[in-house]
Amino acid sequence: MGIQSPGLAFRQALSKETPLQIVGTINANHALLAQRAGFQAIYLSGGGVAAGSLGLPDLGITGLDDVLTDIRRITDVCSLPLLVDVDSGFGASAFNVARTVKSVIKAGAAGLHIEDQVGAKRCGHRPNKEIVSTQEMVDRIKAAVDARTDPDFVIMARTDALAVEGLEAAIERARAYIEAGADMLFPEAITELSMYRQFADAVEVPILANITEFGATPLFTTDELHSAHVAMALYPLSAFRAMNRAAERVYNVLRQEGTQKGVTDIMQTRNELYESINYYQFEEKLDALFASKRGK
Ligand SMILES: C[C@](O)(C(=O)O)[C@H](CC(=O)O)C(=O)O
Ligand SMILES: [Mg+2]
């Protein structure tokens, strides 16, 4: 950990931008691209680890180690504070949640969100979600807060209750989760802008809006979210979806036309890639360090 903890960096970013745009970075390369684009905080999506790293659906199949590997790769090269999706905590007991929190902090993340779905979870924007009792989720949060080795590390409670129990019940749950010690709230699969305001009025903590494409939530703009008292705007898989479409196009064109000439315009150039991963700086260092070996 540097002079300032990632958790503190996340909280500082939050105080500088409203809503704070948090962008999903599927891997270390994308984290560097997001940093270049000027984002102040980044995100590791659970659905992204499942689909991107493992080629699996977002159904609670991934494990803690899968997520830790991706966190470490990102935090090793990118200094932006990273918010991590830990699904329902990777295990039913308080000890499982504690282990998840400690490991995620150690891997260099700034915060996590933990949700009230059952272990065999679903994507928040799919039908037939099942949630645990309020008490069980409160226990998860207490275990997470208690396990925190850095007081600035962010514990965010996500509730999937809106789609299952309705708005009033979801707000009641939100109150209980914040009472249990959660620092921030992620009301999932929100369908109307005004609902964010209702959550924000009910709990005095920062609210996150998940602006994910092709789901239950309209693509509200940052201005709209600002007017609804939203503190954070999350774009978990936007670049991932675009990247997949581009890859698909390149594969199809190569296969059909026998050449990539028709799609080089959608490719990042060699120079651009090298700029984004600091290739030239590494090369300069290499030249300086090993000059003697080449007789310079
Ligand atoms: C935020 C989310 O939990 C994720 O894993 O990125 C997903 C995003 C998505 O599937 O679009 C979710 O909202 O459940
Ligand atoms: Mg998820």
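Residues numbered from 1 in each chain as written. Chains lettered and ligands numbered in written order. Predicted model: local features only at pLDDT ≥ 70, side-chain atom pairs only at ≥ 80, totals over all residues. Heavy atoms only, no water.

Trainee: Account for the overall build of the chain, naming residues and giving values.
Mentor: Counting secondary structure elements, the chain contains 13 helices and eight strands. Its C-alpha atoms give the chain a radius of gyration of 20 Å, near enough to 19 Å, the size a compact globule of 296 residues would have. Expressed along its principal axes, the backbone C-alpha trace of the chain runs to roughly 70 × 45 × 35 Å. Residues classed as buried in the chain amount to 47% of the 296 residues present. The contacts in the chain between residues at least 6 apart in sequence include a share of 68% that link residues at least 24 apart. Here the chain displays about 14900 Å² of accessible surface, and carbon together with sulfur accounts for 51% of that area. Placing the 29 positive and 37 negative side-chain charges of the chain at their respective mean positions leaves the two points 7 Å apart. (Helix = DSSP H or I, 4+ residues; strand = E, 2+ residues; numbered from the N terminus. Rg over C-alpha atoms; globule rule 2.2 N^0.38 Å. Buried < 20%, exposed > 50% of the residue type's maximum accessible area, 1.4 Å probe, protein only. Contact = heavy atoms within 4.5 Å. Areas by Shrake-Rupley, 256 points an atom, 1.4 Å probe, with all protein chains shown as cover. Lys, Arg positive; Asp, Glu negative; His and termini not counted. Charge placed at Lys NZ, Arg CZ, Asp CG, Glu CD.)

Trainee: Give me the lowdown on the nonpolar core, citing residues and values where you can.
Mentor: Judged by nonpolar contacts, the single largest core of 65 residues is most densely connected at Ile42, Ile71, Val84, Val101, Val104 and Tyr196. The residues contacting Val104, other than those within four sequence positions of it, are Leu64, Leu68, Ile71, Val84, Val86, Ala109, Leu112 and Phe153. One finds Leu20, Val154, Met232 and Leu234 within the second-largest nonpolar core, a separate group that totals 17 residues. (Core = buried A, V, L, I, M, F, W, Y, C linked by side-chain atoms within 4.5 Å.)

Trainee: Explain the environment of Ala170 to me, and be specific about the residues and the numbers.
Mentor: Its place among the elements puts Ala170 in helix 8 (residues 167–179). Here the alpha-carbon distance between Ala170 and Asp160, two residues ten residues apart in the chain, equals 7.8 Å. With sequence-adjacent residues up to four places away left out, Ala170 is seen in contact with Thr159, Ala161, Leu162 and Phe199.

Trainee: Account for the site of ligand 1, with residues named and values stated.
Mentor: Near ligand 1 there are 16 residues, and of these Ser45, Gly47, Gly124, Glu188 and Thr212 occur at the shortest range. Gly47 places a main-chain nitrogen or oxygen 2.7 Å from an oxygen atom of ligand 1. The contact in question runs from an oxygen atom of ligand 1 to an N or O atom on the side chain of Asn210, over 2.9 Å. Notes on ligand 1: free accessible area 350 Å², of which the protein chains cover 95%. According to the grid-proximity analysis, the pocket containing ligand 1 is the largest pocket. Residues that form the shell around ligand 1 fall into these classes: four nonpolar, seven polar and five charged. (Near = heavy atom within 4 Å. Polar contact = N/O pair within 3.5 Å; in protein donor to acceptor, adjacent residues only side chain to side chain. 1 Å grid on protein atoms, 1.4 Å probe; cavity = no way out; pocket = protein on both sides within 12 Å on 5 of 7 lines; lining within 4 Å. Sits in = over half its atoms within 2 Å of the grid points. Nonpolar A, V, L, I, M, F, W, Y, C, P; charged D, E, K, R; others polar.)

Trainee: Any details on the UniProt feature "binding site: substrate" (unreviewed entry) in the chain? Residues and values, ideally.
Mentor: The feature "binding site: substrate" (unreviewed entry), as annotated in UniProt, sits at Ser45, Gly46, Gly47, Cys123, Gly124, Arg158, Glu188, Asn210, Ile211, Thr212, Arg241 and Arg270 in this numbering. Across 226 residues of sequence, these annotated residues are also dispersed in space, with a maximum C-alpha separation of 40.2 Å. Of the residues annotated just before, the largest pocket has Ser45, Gly46, Gly47, Cys123, Gly124, Arg158, Glu188, Asn210, Thr212 and Arg241 among its lining. By secondary structure assignment, the location of Glu188 is in the loop between strand 6 (184–187) and helix 9 (193–202). Its relative accessible area of 2% is what places Glu188 among the buried residues. In this structure, Glu188 is in contact with Gly124, His125, Lys129, Arg158, Thr159, Asp160, Leu162 and Asn210, ignoring residues within four places of it in sequence. In terms of polar contacts, Glu188 uses its side chain to reach the side chain of Arg158, at 3.3 Å. As for its placement among the helices and strands, Thr212 is situated in the loop between strand 7 (208–210) and helix 10 (222–227). (UniProt positions renumbered as here; feature names shortened; annotations may be inferred.)

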